[in-house]
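Observations on the three-dimensional arrangement
Read off the chains here:
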Number of protein chains: 2
Amino acid sequence: MRARNLGLVLGEVAGGGPLTRAALAELTGLTKTTVSSLVADLLAAGLVAESPAVRAGERGRPGTEVRLSGGRVAALGLEVNVGSLTACVVDLTRVVRARRTVRADNRSREPGRVLAALDRLAGEVLAEAPSLRIAGTVLAVPGTVGDGLIHHAPHLGWRDVAVSALPSGRPVAVENEANLAALGELEFGDAPRDFLYVSGEIGIGAGIVRDGGLLRGATGLAGELGHVVVAEGGPACRCGSRGCLEVYAGQDALPSPEALAAGGPEAAAACERAGRALGLALTSAVNVLDPGTIVLGGCYVPLFPWLAPPVAAVLADRLGALRPAPPALVPAATGPDAAVLGAAARVLRRVLADPAAQW
Amino acid sequence: MRARNLGLVLGEVAGGGPLTRAALAELTGLTKTTVSSLVADLLAAGLVAESPAVRAGERGRPGTEVRLSGGRVAALGLEVNVGSLTACVVDLTRVVRARRTVRADNRSREPGRVLAALDRLAGEVLAEAPSLRIAGTVLAVPGTVGDGLIHHAPHLGWRDVAVSALPSGRPVAVENEANLAALGELEFGDAPRDFLYVSGEIGIGAGIVRDGGLLRGATGLAGELGHVVVAEGGPACRCGSRGCLEVYAGQDALPSPEALAAGGPEAAAACERAGRALGLALTSAVNVLDPGTIVLGGCYVPLFPWLAPPVAAVLADRLGALRPAPPALVPAATGPDAAVLGAAARVLRRVLADPAAQW
């Protein structure tokens with residue numbers, strides 16, 4: 001019960017702080033005595049801090065307000081991508097305290113070597129934020145994940161790789177990069193609480209956010225948008241099948257933003273083709289899932305001005321008769337760091353939900 | 001608070017009854033006095049009944065147990081389909097007390113005339129169960145629905161038809177038939193609590209059940225499986241687009257079970273084609289949604305022995321590399337009455353959740 005009430009108070013502070021103890025008592029329905037005792041625990045754990053409350057027209061001595069503290073507890077977010085490794089430390093107030101990324105060709109590189117390099121990078125960002133205590137570590141990977149296992153990351157060439165800790169011994173939870181990028185967009189971007197986040201990388205994944213939470217599917221494998229069928233007998237996909245969205249609209253099939261800005265007709269045609277394929281796959285996704293908004297992220301962000309028109313045209317053309325309007329189509333606000341920020345956000349969400357697990 | 005506690009007690013009785021008042025107090029955390037007072041209200045409203053509890057080895061006088069009562073409150077479920085009208089009365093214990101169906105060619109028939117015929121049918125089933133009080137009426141329609149409006153039912157030829165009452169004045173809530181069929185399968189069939197229900201009719205819809213509840217999408221239009229893209233430039237669909245699943249695997253594209261049982265090679269080939277198209281669309285749906293089980297319902301139930309092998313083959317072929325196993329594929333247990341039973345079930349769920357609204 002006390003653990004639950006600690007989460008209740010910390011949740012109110014995180015959602016609507018700074019707040020006085022009196023306001024917290026009113027919001028939670030707990031007595032002021034109980035709130036004071038809970039706040040004392042949260043202060044001792046370094047999860048909240050106090051600041052003087054200055055309110056015009058209030059009687060009596062000035063009180064103090066309680067706010068989240070970024071001074072002690074933080075999360076380590078990690079990402080293995082096909083072409084890079086990234087690590088960041090984010091404190092409880094969602095301020096990025098350290099962040100490093102290195103280019104690395106991880107295609108078909110042995111998992112142990114990749115994780116050793118990631119471990120070194122993690123050590124570097126942790127050294128930049130020595131005063132913070134890391135409450136947990138989450139690793140974003142471009143593949144299907146379940147029960148501490150990277151089941152299949154086709155673009156890394158990994159299959160059934162168990163990852164429960166880094167070589168240095170630091171425990172780590174693995175999660176699909178598109179799910180984490182969706183969480184990153186939710187926590188660090190300006191997306192609504194219901195959206196389909198499309199992560200355009202070498203592979204294409206999606207994260208489904210419904211009412212502020214991730215919809216993960218029966219076995220945690222929801223959102224594999226890259227393998228939605230665009231053309232039954234189409235070109236071979238790295239997953240072993242044919243005609244998946246990924247072969248038409250993955251990063252390898254797309255021109256660079258520079259080539260597009262230079263006005264080359266081939267680059268524009270390639271973007272148009274990819275956009276139409278993405279529109280077809282999203283038509284199927286919208287028919288199944290009915291998201292209110294579609295957020296295009298990852299490599300689709302700089303390409304958005306060229307990609308959005310063909311995507312929107314296919315959606316309007318194919319969905320128009322059955323629904324009042326197709327979903328809104330917007331670029332992600334978080335850019336390439338969405339997944340690694342989401343990895344850190346997943347840790348911070350857990351701290352806020354169960355602060356008692358911190359001491 | 002009292003309304004909430006009435007729902008709590010009735011929910012326990014519905015889920016695990018018959019139960020003594022002492023057991024109800026233990027399960028709900030309420031005092032025995034409070035439980036007795038709540039049970040008195042539920043008895044007076046005819047929602048529960050008492051029966052003697054006979055338990056071997058118990059001391060003291062024999063107590064009584066409380067169980068759901070089918071004697072007073074019931075739901076009216078209605079369905080407009082392309083070729084039929086159906087009405088049923090289902091009591092609170094989920095016993096079907098009356099049910100009638102009439103063949104009717106509702107394609108392009110004026111909505112007012114269809115609803116008048118449905119109203120007459122409703123009157124007939126209500127006359128068969130005169131002692132029951134109807135707590136609510138839900139109407140299943142094969143189309144997209146929102147805010148009391150049938151937005152588009154392409155196979156009926158209806159668009160933007162407002163339905164809030166039958167011609168006789170009885171208030172009615174409209175809902176998509178596939179969503180209700182999924183609910184019917186959940187409440188009257190033997191499906192697990194997480195599944196994708198595929199309703200094979202002239203059109204094809206789907207209902208998504210997650211953790212025992214319907215996943216309806218941001219605008220209530222989730223599950224439009226019939227318009228998932230099978231082939232971009234395929235044959236024209238009645239929705240105005242091309243190559244939707246419906247043109248390959250809707251009832252009009254399928255042979256009769258009799259032709260299949262007779263062993264005709266053309267019938268078998270048609271079923272194989274439809275099954276492969278259904279497998280492609282379900283591949284996309286599984287990639288997006290990751291349902292644990294796929295339930296094939298409606299006209300797919302009698303065709304299941306012929307349809308399931310090509311569907312399963314496509315799913316295994318296209319999903320095999322990315323996930324440990326494709327979802328289980330099973331026929332629906334409820335048959336053609338799934339949607340009309342689900343319509344009644346939606347009313348009964350509301351009564352169980354908020355019994356105080358009944359008096």
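Just so we're clear, the structure is a prediction, and the values are computed from it rather than from any experiment. (Residues numbered from 1 in each chain as written. Chains lettered and ligands numbered in written order. Predicted model: local features only at pLDDT ≥ 70, side-chain atom pairs only at ≥ 80, totals over all residues. Heavy atoms only, no water.)

What follows deals with the relation of the copies chain A and chain B. Each copy of the sequence occupies a distinct position, and chain A is placed on chain B by a rotation of 180° and an axial shift of 0.0 Å, giving an RMSD of 0.0 Å. Accordingly, the operation relating the two chain copies is best matched by a two-fold axis. Rotation axis and chain A: the residue whose C-alpha lies nearest the axis is A:A231, separated from it by 3.1 Å. (Least-squares fit on C-alpha atoms with pLDDT ≥ 70 in both.)

Here the focus is the pattern of salt bridges. Residue and element names in this part refer to chain A. Tallying each qualifying case throughout the model produces 28 salt bridges over all chains. A salt bridge links E128 to R100; the nearest nitrogen and oxygen atoms lie 2.6 Å apart. Of this pair, E128 sits in helix α4 (residues 111-128) while R100 sits in strand β6 (residues 96-103); the two residues are 28 residues apart in sequence, bridging distant segments of the chain. The partly exposed category is assigned to E128, whose relative accessible area is 39%. Taking the relative accessible area as the measure of exposure, R100 reaches 34% and is therefore partly exposed. Look at the salt bridges and you will find they share partners, linking R94, E187 and R349 into a network. (Salt bridge = Lys/Arg side-chain N within 4 Å of Asp/Glu carboxyl O. Helix = DSSP H or I, 4+ residues; strand = E, 2+ residues; numbered from the N terminus. Buried < 20%, exposed > 50% of the residue type's maximum accessible area, 1.4 Å probe, protein only.)

This part covers helix α3 (residues 32-44) of chain B. End to end, α3(B) covers 18 Å across 13 residues, agreeing with the expected 18 Å (1.5 Å per residue, within 8%). Against the buried residues of α3(B) lie α1 (2-16), α2 (21-28), β2 (48-52) and β3 (64-68) of chain B. (Expected span 1.5 Å × (residues − 1). Contact = heavy atoms within 4.5 Å.)

Of the residues lining the interface, 43 residues belong to chain A; the matching set on chain B comes to 43 residues. A combined buried area of about 3600 Å² lies between chain A and chain B, and 56% of that area is made up of carbon and sulfur atoms. Sorting the residues of chain A by area buried against chain B places A:V288, A:R318 and A:L322 first, and these three jointly supply 21% of that buried surface. At the level of secondary structure, the elements contributing two or more residues to the side of chain A that touches chain B comprise β9 (149-153), β13 (204-210) and α8 (265-289) of chain A. Residues of the side of chain A that touches chain B, tallied by class, amount to 19 nonpolar, 14 polar and 10 charged. (Buried area = accessible area lost by both parts, 1.4 Å probe. Nonpolar A, V, L, I, M, F, W, Y, C, P; charged D, E, K, R; others polar.)

Once that is clear, we can look at the pairing of β6(A). Looking along a regular strand, one sees the side chains alternate between the two faces of the sheet. Residues and elements named next belong to chain A. In the sheet, strand β5 (residues 84-91) pairs with β6 via seven bridges, with the strands oriented antiparallel. Bridging across to β6, S84 finds its partner in R103. In sequence, β5 turns back onto β6 through a hairpin of four residues, with R94 there showing a positive phi of about 70°. (Pairing = 2+ DSSP bridges.)

Counting residues in each nonpolar core, the largest one holds 80 residues, and the members touching the most others are A:V198, A:L225, A:Y300, B:V198, B:L225 and B:Y300. Discounting chain neighbours no more than four positions away, the residues touching B:V198 are B:I204, B:G205, B:A206, B:L225, B:L278, B:L282, B:I294, B:V295, B:L296, B:G297 and B:Y300. One finds B:V35, B:L186, B:A345 and B:V347 within the second-largest nonpolar core, a separate group that totals 46 residues. (Core = buried A, V, L, I, M, F, W, Y, C linked by side-chain atoms within 4.5 Å.)

Moving on: the domain arrangement of chain A. How big an interface is tends to be stated in terms of accessible area lost as the parts join. All names here are of chain A. Per the domain assignment, the segments of chain A are domain 1 (2-68), domain 2 (74-182 + 338-358) and domain 3 (191-332). Computed over C-alpha atoms, the centres of domain 1 and domain 2 are 32 Å apart. Opposite the eight residues of domain 1 that make contact, domain 2 presents eight residues. With both sides pooled, the region where domain 1 packs onto domain 2 buries about 670 Å², and carbon together with sulfur makes up 83% of that total. Broken down residue by residue, the surface that domain 1 buries against domain 2 is led by L10, L47 and L68, which jointly contribute 57%. Inspection of the domain 1/domain 2 interface yields zero salt bridges. Connecting domain 1 to domain 2 are zero residue pairs in polar contact (both at pLDDT 80 or more). (Domains from an automatic or database assignment. Polar contact = N/O pair within 3.5 Å; in protein donor to acceptor, adjacent residues only side chain to side chain.)

Here we come to the sheet that holds strand β7 (residues 133-141) of chain A. Residues and elements named next belong to chain A. Pairing within the open sheet is mixed, and its five strands lie in the order β6-β5-β4-β7-β11. Of all the strands in the sheet, the pair left with one neighbour each is β6 and β11 (173-176). Taking the axes of each pair of neighbouring strands and ignoring which way they run, one obtains an average angle of 20° across the sheet. Inspection of the sheet shows β7 paired to β11 by four bridges, in the parallel sense. Following the sheet pairing, V138 is matched in β11 by A173. Strands in contact with α4 are β4 (73-80), β5, β6 and β7; relative to β5, the strand with the most contacts, it is inclined by about 35°. On top of the sheet, helix α10 (residues 338-353) reaches β4, β5, β6, β7 and β11; it is set at about 145° to β4, its chief contact. (Axes fitted to C-alpha atoms, helices over the stretch in contact; angles between N-to-C directions.)

Turning our attention to unusual backbone geometry. The amide bond that connects A:G17 to the next residue, A:P18, takes the cis arrangement and shows omega of 0°. Within the secondary structure, A:P18 is located in the loop between α1 (2-16) and β1 (19-20). Although it is not a glycine, B:D211 sits at a positive phi angle of roughly 55°. Examined against the element boundaries, B:D211 turns out to sit in the loop between β13 (204-210) and β14 (213-214). Residue classification places B:D211 among the exposed positions, given a relative accessible area of 55%.

Packed helix pairs are specified by the crossing angle of their axes together with the interaxial distance, meaning the distance between the axes. All names here are of chain B. Two elements in contact, α1 and helix α10 (residues 338-353), have axes separated by 7 Å at closest approach and are oriented at 125°. Comparing the axis directions of α1 and α10 gives the class oblique. Residues G7, L10 and A14 of α1 lie in contact with α10, whose contacting residues are V351, L352 and A353. Class assignment for the residues of the contact of α1 with α10 results in five nonpolar, one polar and no charged. (Parallel < 35°, antiparallel > 145°, perpendicular 65-115°, else oblique.)

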